[in-house]
Amino acid sequence: MASSRASAPVTQEVRFCRADDGVRIAWARHGSGPPLLVVSCWLSHLQHDWQSPVWRHFLDDLGDIATVLRYDERGFGLSEWEVSDFSLARRVADLEALVAATGLDRFAVLGMSGGAPVALAYAHAHPERVTRLVLYGGMAGGGLAQEDSAAEEAFLAMIKAGWARPDPLFRRVFTNAFIPDASEEQMEWMDELQRTSTNTDNAVCSRIARHEVDVRDLLPGITVPTLVTHAEGDRVAPDWGTRLATAIPDARLVMLESRNHVLLADEPAWPVFLHEVEAFLAEDRAGVPVSNLSAREREILALAAEGLDNSAIAERLTLSVRTVERHFQNIYLKLGLSGRTARAAAVARALT
């Protein structure tokens, strides 16, 4: 079943930044509330996900409780496809470049599926930046390449043989693993998203690199508040929920009654997951003080509080109007504000 708001207009803002090796990374933000940076799995496309009966409810419902920032990994979606390095170190460096581009100081992180090791590595290296960590369907290592080499060789052969074909016969194997209880419409979307999200070479190379990842040694050193959520019947990352929650100090585990690696909108586990995430982020929702803004951002906000519009602010500070607009965009992002009332809400913060 598609989200009930599937026909609503998309209000996300798409931007691009460069990793330190020059690769273009696409990222987007939408929603309102405390910032939540989503480190998702490889299977994403910033634009097509909005039309997906598999992913749309994630975007809609998370956007109701947070300012959601998400990105396509290198080699996927709107990010650059001409890449060769899919290592964990490279992916963490991409995330660091993205954080710098957003201008965020502190934020929550949601590590989903194969993005969980990246989220864990980042939280371990930068605990001062991460307010809290949510893991969903995550893992820390020990993929099929390590546990069952014959099965992994078969999966790689299916990717090489069928990834780019119009007929989804081979891709359906992966779809059945991710969402075994999906409708035919949802499965068809997942089949097509695989082909849309990247090419065959990237799918092969990234899968090999992901199965070489092992961050289990980092887990005891995770110091940020952590919520682990995991489907009980997950066949993509079986047993990892308990293993992660056991190894991460003071982590809280919520097991979800589902067989789907990607929770679907019409199953009872989805509102449970959403409620748990919303409650976990409640402290972040208390509001980021204006003092966390840069000196220039505070100066611009003070002028807005005096009643100046963007043109007047630009003239007062000898800036371009576009530069003032970019400063306001960063102010809204840092304060977790969006929509038509964002400017008024930001000014109100400045006056308190």
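Residues numbered from 1 in each chain as written. Predicted model: local features only at pLDDT ≥ 70, side-chain atom pairs only at ≥ 80, totals over all residues. Heavy atoms only, no water.

1. Focus on the overall build of the protein chain
Thinking step 1. Helix and strand counts for the protein chain come out as 14 helices and 8 strands.
Thinking step 2. For the protein chain, the C-alpha radius of gyration of 21 Å lies close to 20 Å, the compact-globule estimate for 352 residues.
Thinking step 3. Considered along the principal axes of its C-alpha atoms, the protein chain spans approximately 65 × 45 × 40 Å.
Thinking step 4. Scored against the burial criterion, the 352 residues of the protein chain give a buried share of 56%.
Thinking step 5. Contacts in the protein chain between residues far apart in sequence, at least 24 positions, make up 73% of those at least 6 positions apart.
Thinking step 6. Between the mean site of the 35 positive side-chain charges and the mean site of the 48 negative ones, the protein chain shows a separation of 5 Å. (Helix = DSSP H or I, 4+ residues; strand = E, 2+ residues; numbered from the N terminus. Rg over C-alpha atoms; globule rule 2.2 N^0.38 Å. Buried < 20%, exposed > 50% of the residue type's maximum accessible area, 1.4 Å probe, protein only. Contact = heavy atoms within 4.5 Å. Lys, Arg positive; Asp, Glu negative; His and termini not counted. Charge placed at Lys NZ, Arg CZ, Asp CG, Glu CD.)

2. What about the pattern of salt bridges?
Thinking step 1. Counted under the stated rule, the structure contains 22 salt bridges.
Thinking step 2. For D21, the salt bridge is made with R74, and the minimal N-O distance between the two is 3.0 Å. With D21 in the loop between strand 1 (13-18) and strand 2 (24-31) and R74 in the loop between strand 4 (67-71) and helix 2 (88-102), the pair connects residues that are 53 residues apart, well separated along the chain.
Thinking step 3. Residue class for D21 comes out partly exposed when judged on its relative accessible area of 40%.
Thinking step 4. E299 is the salt-bridge partner of R296, the closest N and O atoms lying 3.0 Å from each other. Residue R296 and its partner E299 are located together in helix 11 (residues 295-305), separated by 3 residues, close to a single helical turn. (Salt bridge = Lys/Arg side-chain N within 4 Å of Asp/Glu carboxyl O.)

3. A short note on the side chain of H30
Thinking step 1. Positionally, H30 belongs in strand 2.
Thinking step 2. Residues within four places of H30 in sequence aside, it is in contact with Q12, W50, L59, G63, A66, T67, V68 and R70.

4. Remarks on the state of the cysteines
Thinking step 1. Per the stated rule, a full pass over the model turns up 0 disulfides.
Thinking step 2. The closest cysteine sulfur to the non-disulfide-bonded C41 is located on C205, 18 Å from its own sulfur.
Thinking step 3. On the basis of relative accessibility, which here comes to 5%, the residue C41 falls in the buried class. (Disulfide = S-S within 2.5 Å.)

5. Some details on the sheet that holds strand 2
Hydrogen bonds along the backbone pair up the strands of a sheet, which may run parallel or antiparallel.
Thinking step 1. Reading across from one edge, 1-2-4-3-5-6-7-8 is the order of the 8 strands in this open sheet, with mixed pairing throughout. Two strands in the sheet have a free side with no partner beyond their single neighbour: strand 1 and strand 8 (252-256). For this sheet the average axis-to-axis angle between neighbouring strands, irrespective of direction, equals 20°.
Thinking step 2. The sheet contact formed by strand 1 and strand 2 spans 6 bridges and is antiparallel. Note that in strand 2 the partner of R18 across the bridge is R24.
Thinking step 3. The strands that helix 3 (residues 116-125) touches are strand 3 (35-39), strand 4, strand 5 (107-112) and strand 6 (130-136); relative to strand 6, the one it contacts most, it runs at about 160°. (Pairing = 2+ DSSP bridges. Axes fitted to C-alpha atoms, helices over the stretch in contact; angles between N-to-C directions.)

6. Here's the deal with the packing of helix 11 against helix 14 (residues 342-351)
Thinking step 1. Two elements in contact, helix 11 and helix 14, have axes separated by 9 Å at closest approach and are oriented at 100°. Considering their axes alone, helix 11 and helix 14 lie roughly perpendicular with respect to each other. For the pair formed by helix 11 and helix 14, the contact residues are L301, A304 and A305 on the first element and R343, A346, V347, A350 and L351 on the second. (Parallel < 35°, antiparallel > 145°, perpendicular 65-115°, else oblique.)

7. Digging into unusual backbone geometry
Thinking step 1. For D250, which is not glycine, the phi dihedral falls at a positive 60°.
Thinking step 2. Its place among the elements puts D250 in the loop between helix 9 (240-247) and strand 8.
Thinking step 3. Exposure remark for D250: the relative accessible area of 79% places this residue in the exposed category.
Thinking step 4. Non-glycine residue T318 carries a positive phi angle of around 55°.
Thinking step 5. Tracing the sequence through the fold places T318 in the loop between helix 12 (310-317) and helix 13 (321-335).
Thinking step 6. Exposure remark for T318: the relative accessible area of 71% places this residue in the exposed category.

8. So, helix 12
Thinking step 1. Looking at helix 12, one finds that the buried residues are N310, I313, A314 and L317. Angular distribution of buried residues about the axis of helix 12 spans 100°; they occupy a single face of the element.
Thinking step 2. In this structure, the buried side of helix 12 is in contact with helix 11, helix 13 and helix 14.
Thinking step 3. Measuring from the side-chain oxygen of the N-cap residue of helix 12 to the backbone nitrogen of S311 gives 3.2 Å; that N-cap residue is D309. (Arc of directions from axis to C-beta. Polar contact = N/O pair within 3.5 Å; in protein donor to acceptor, adjacent residues only side chain to side chain.)

Honestly, it's all geometry; don't read function into it.
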